[in-house]
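The primary structure of each chain is shown beneath.
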Amino acid sequence: DSLSDDEKARILLKLESFQGELPRPRAVRASMSNRSDKCYEDEAPPSLLDDILVPLVDESVRRQFLIRDAERRRDYKEANALRESTSPRQKALEEAQLAREEGSEDDALKFEEEAELYKNLRADVTQDEGAYSRFLDRDDWYERETQARIKRLDKSKFGSLLDGMD
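Each value, and the rule that gives it
Residues numbered from 1 in each chain as written. Predicted model: local features only at pLDDT ≥ 70, side-chain atom pairs only at ≥ 80, totals over all residues. Heavy atoms only, no water. Buried < 20%, exposed > 50% of the residue type's maximum accessible area, 1.4 Å probe, protein only. Helix = DSSP H or I, 4+ residues; strand = E, 2+ residues; numbered from the N terminus. Arc of directions from axis to C-beta. Contact = heavy atoms within 4.5 Å. Axes fitted to C-alpha atoms, helices over the stretch in contact; angles between N-to-C directions. Parallel < 35°, antiparallel > 145°, perpendicular 65-115°, else oblique. Nonpolar A, V, L, I, M, F, W, Y, C, P; charged D, E, K, R; others polar. Left-handed = near helix turned anticlockwise from the far one by under 90°. Salt bridge = Lys/Arg side-chain N within 4 Å of Asp/Glu carboxyl O. Core = buried A, V, L, I, M, F, W, Y, C linked by side-chain atoms within 4.5 Å. Phe/Tyr/Trp six-rings, centres within 6.5 Å; stacked < 30°, edge-to-face > 60°. Lys NZ or Arg CZ within 6 Å of the ring centre and 35° of its normal.

Novice: Let's hear about helix H1 (residues 5-14): which residues, and what values?
Specialist: Each full turn of the α-helix corresponds to 3.6 residues, which orients residues three or four apart in the same direction. Residues Lys8, Ala9 and Leu12 constitute the buried set of H1. Along the long axis of H1, the arc covered by the buried residues comes to 100°, so they all point the same way. Those residues of H1 that are exposed and angled more than 90 degrees off the buried face are Arg10, Leu13 and Lys14. Looking at the buried positions of H1, the neighbouring elements they touch are helix H3 (48-53).

Novice: Any details on the packing of helix H4 (residues 59-72) against helix H6 (residues 88-101)? Residues and values, ideally.
Specialist: Two elements in contact, H4 and H6, have axes separated by 9 Å at closest approach and are oriented at 75°. As judged from the angle between their axes, H4 and H6 are roughly perpendicular. Where H4 abuts H6, its residues Glu59, Ser60 and Gln64 lie against Arg89, Gln90 and Leu93. Of the residues that constitute the contact of H4 with H6, the class distribution is one nonpolar, three polar and two charged.

Novice: Just give me the short version of unusual backbone geometry, but keep the residues and values in it.
Specialist: The phi angle at arginine 74 is positive, at roughly 60°, despite the residue not being glycine. Here arginine 74 shows up in the loop between H4 and helix H5 (76-84).

Novice: Account for the packing of H6 against helix H7 (residues 105-121), with residues named and values stated.
Specialist: One can describe the packing of H6 onto H7 by two numbers: an axis separation of 8 Å at closest approach and a directional angle of 165°. Put simply, H6 runs roughly antiparallel to H7. Taken as a pair, H6 and H7 cross one another with a handedness that is left-handed. Facing H6, whose interface residues are Pro88, Arg89, Ala92, Leu93, Glu95, Ala96, Ala99 and Arg100, H7 presents Glu105, Asp107, Ala108, Leu109, Phe111, Glu112, Glu114, Ala115, Tyr118 and Lys119. Broken down by class, the residue content of the contact of H6 with H7 amounts to ten nonpolar, no polar and eight charged.

Novice: An account of the pattern of salt bridges is requested, with residue identities and associated values reported.
Specialist: All chains considered together, the criterion is met by 16 salt bridges. With a closest N to O distance of 3.2 Å, glutamate 78 and arginine 73 form a salt bridge. On the basis of relative accessibility, which here comes to 30%, the residue glutamate 78 falls in the partly exposed class. By relative accessible area, arginine 73 is classed as partly exposed at 22%.

Novice: Account for the nonpolar core, with residues named and values stated.
Specialist: Judged by nonpolar contacts, Ala9, Leu12, Phe18, Val28, Leu49 and Leu53 together constitute the single largest core of six residues. Counting residues per element, the ones that place at least two in this core are H1 and H3. Valine 28 has contacts with Asp5, Pro23, Ser47, Leu48 and Leu49, leaving out every residue within four places of it along the chain.

Novice: Give a description of the packing of aromatic side chains that names residues and reports values.
Specialist: Enumeration over the complete set of coordinates arrives at one aromatic pair. Taking the centre distance of 5.8 Å and the plane angle of 85° together, the rings of tryptophan 141 and tyrosine 142 count as edge-to-face. Note on tyrosine 142: relative accessible area 44%, which makes it partly exposed. In this arrangement the basic side chain of lysine 110 is found over the ring face of phenylalanine 111, its NZ or CZ atom lying 5.0 Å from the centre.

Pasting the structure below:
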């Protein structure tokens, strides 16, 4: 929301997943003036660059943007529907942020670890859950077991690359 159109254009140009051409500045300005009648009142409506950028960003960021946009348009039904359909990863990220605001760093780290696990489960975090075959994702039980096994490893038994060198 707080990025300028110039910053959004720079991000799009840096993204490997963006393939295409940026719209002309005149088209971006025209898209904003066409949307100004959609109950945005004092706030600037999303631009054409937002329409291009939003599908390419992380699912949790995209959902937060869409919720804020629905609230600015006073479409509370859509905002509530978006809130209800949040992914477990999104919920863990929100809990981590809430815990950090309350000063509970340990809980925040626990929730961030949980969010990282959910991120590792997903084949593509830029896609909404259910937008592609669930068989492309990793299994929750397998990933949890793998993470637990990694934590149990005694890393000192592996040595280093320099062992045996004189």
